[in-house]
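What the coordinates show
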Amino acid sequence: MAFRHLDEPATLRLLVRNLPVGVYVTSESGEILDANPAFLALVGVGTLEELRRISAEDLVVGGRAARKRQRELLDATGHLSEHELRMRRPDGAVRTVIDSCYRVRDPEGGEILYHGVLVDITERKLFEQQLKEMTGRDALTGCFNRRYLAELEVRLIAEDASWGAIVVDVDHFKSYNDEHGHQAGDEVLISVAHFLLRETRAQDAVVRLGGDEFLVLLVGDQADSTAAIAARLREPEHVPSPVPISLGYAVRRPGETLERTIQRADKRLFEVRARERKERRGPPLPLATAQVR
C-alpha cells in the first residue's frame, strides 16, 4: 500500500498517528471523542479510555468560562487559529499550548464537532520569560535595571500607586577601582546588591540605576515604611553592608513622577553624604573590614 496522497484514508491515519502534535476530536459539550498518541502524552494519560473520562473543561485552565470564550470565537468564525491557552493535566502540571481547530457538522447525526490540533509551547514560553527577565536585569549584579524601572513606572502611574524610593550609593567607589582594580570594584557592587536584596522583601524592587548607585523601590502600603527601612539599611540587625554606603529616601507626593521622587531621594543622599564626610573626613575602609556607616 502506498501512502502518497492525502486523500487516502490510510495516509491520513498514519499521518495523524505519527504527528508530534496533539490531534483531537471533541463534541460541542466538550467531551473528548478521539485523539492521537501525541495528545495523550501532552495530557499525561496512557489510554484513550482514560482520556474520555476527562472533559475539555477539566483540561483548560479557567474551566467553563475559558471553554465558553473559546466556543464563542468558534461559533463566530467557524474556526480558531493559534489560540493560546493554558492546560492543566490530571497530575496538576500546567502546560501552555496553541490550539487551532474548526467547527464541523457530522453528516450522519447532525452533531456539531470540533476537530483540532494542540501544539505544546511551554518550553518556548519559559524561554521567552527568561529573555524578558534578562532584558530587565543588570548583568553584573542580577538587580533590575532602568529598562525594567521604566516599564514598572508605566504600570504604577496607571494605578496611581504610592511608592517610596531609597537611593543607595557606595562611598568612595572610585577608590576601590583605583586601588584594587576593576574586578574588585565589580565585587563591591555585587556584594552591595546582595546586601540590599537580603535586607528587603522579595516584592520590593532593587534596581541598579548605573555605576555604584542603587534604588530600593517600595510600592503600596510598604511606602509608608520607607523611613524605617532606610534606617534599617543603615543599621542592619544582622550582617552589615560589606562597604560604607550612603543613602537618601523620599516618598511619592500626589501626582509626582517616579523620576522626580528619585531626584528628591538623590538630593537627600548628597546632603547626608556631605554632612557625614565633614564629620569623619576619612578614607574608605579596606575591603576586608569595611562596615556600613
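Residues numbered from 1 in each chain as written. Predicted model: local features only at pLDDT ≥ 70, side-chain atom pairs only at ≥ 80, totals over all residues. Heavy atoms only, no water.

Our next topic: the overall build of the chain. A count of helical and extended segments in the chain gives eleven helices and nine strands. Its C-alpha radius of gyration of 29 Å places the chain more than 25% over the 19 Å reference for a compact globule of 293 residues. Projected onto the principal axes, the alpha-carbon positions of the chain cover approximately 95 × 45 × 30 Å. Counting only residues that meet the buried cut, the chain has 41% of its 293 residues in that class. Looking at the chain alone, contacts between residues at least 24 apart form 57% of all its contacts between residues at least 6 apart. Carbon and sulfur atoms provide 52% of the accessible area of the chain, an area that totals close to 16,800 Å². Here the chain holds 42 positive side-chain charges and 47 negative ones, and the gap between their average locations is 4 Å. (Helix = DSSP H or I, 4+ residues; strand = E, 2+ residues; numbered from the N terminus. Rg over C-alpha atoms; globule rule 2.2 N^0.38 Å. Buried < 20%, exposed > 50% of the residue type's maximum accessible area, 1.4 Å probe, protein only. Contact = heavy atoms within 4.5 Å. Areas by Shrake-Rupley, 256 points an atom, 1.4 Å probe, with all protein chains shown as cover. Lys, Arg positive; Asp, Glu negative; His and termini not counted. Charge placed at Lys NZ, Arg CZ, Asp CG, Glu CD.)

This brings us to the packing of aromatic side chains. Here a ring pair, both rings aromatic, is described through the centre-centre distance and the interplanar angle of the planes. Tallying each qualifying case throughout the model produces two aromatic pairs. Ring geometry for Phe144 versus Tyr148: centroids 3.7 Å apart, planes at 10 degrees, classification stacked. The aromatic ring of Phe144 is capped on one face by Arg137, whose charged end is 4.0 Å from the ring centroid. The ring centre of Tyr249 lies 4.0 Å from the NZ or CZ of Arg268, which sits over that ring. (Phe/Tyr/Trp six-rings, centres within 6.5 Å; stacked < 30°, edge-to-face > 60°. Lys NZ or Arg CZ within 6 Å of the ring centre and 35° of its normal.)

Pairing geometry for strand 3 (residues 79-88) and strand 4 (residues 94-105), over eight bridges, is antiparallel. The residue bridging Glu84 from the neighbouring strand is Ile98, located in strand 4. One ladder, built from nine bridges, connects strand 4 with strand 5 (residues 112-120); its direction is antiparallel. Residue pairing in the sheet places Arg103 in a bridge with Tyr114 of strand 5. Linking strand 4 back to strand 5 in an antiparallel pair, the connection comprises six residues, with Gly110 at a positive phi of about 80 degrees. (Pairing = 2+ DSSP bridges.)

Right, let's get into the sheet that holds strand 5. Read across the open sheet, the five strands follow the order 2-1-5-4-3; overall the sheet is antiparallel. Every other strand in the sheet has two partners, leaving strand 2 (32-35) and strand 3 as the edge strands with one partner each. The mean angle between the axes of side-by-side strands here comes to 30 degrees, regardless of whether they run parallel or antiparallel. (Axes fitted to C-alpha atoms, helices over the stretch in contact; angles between N-to-C directions.)

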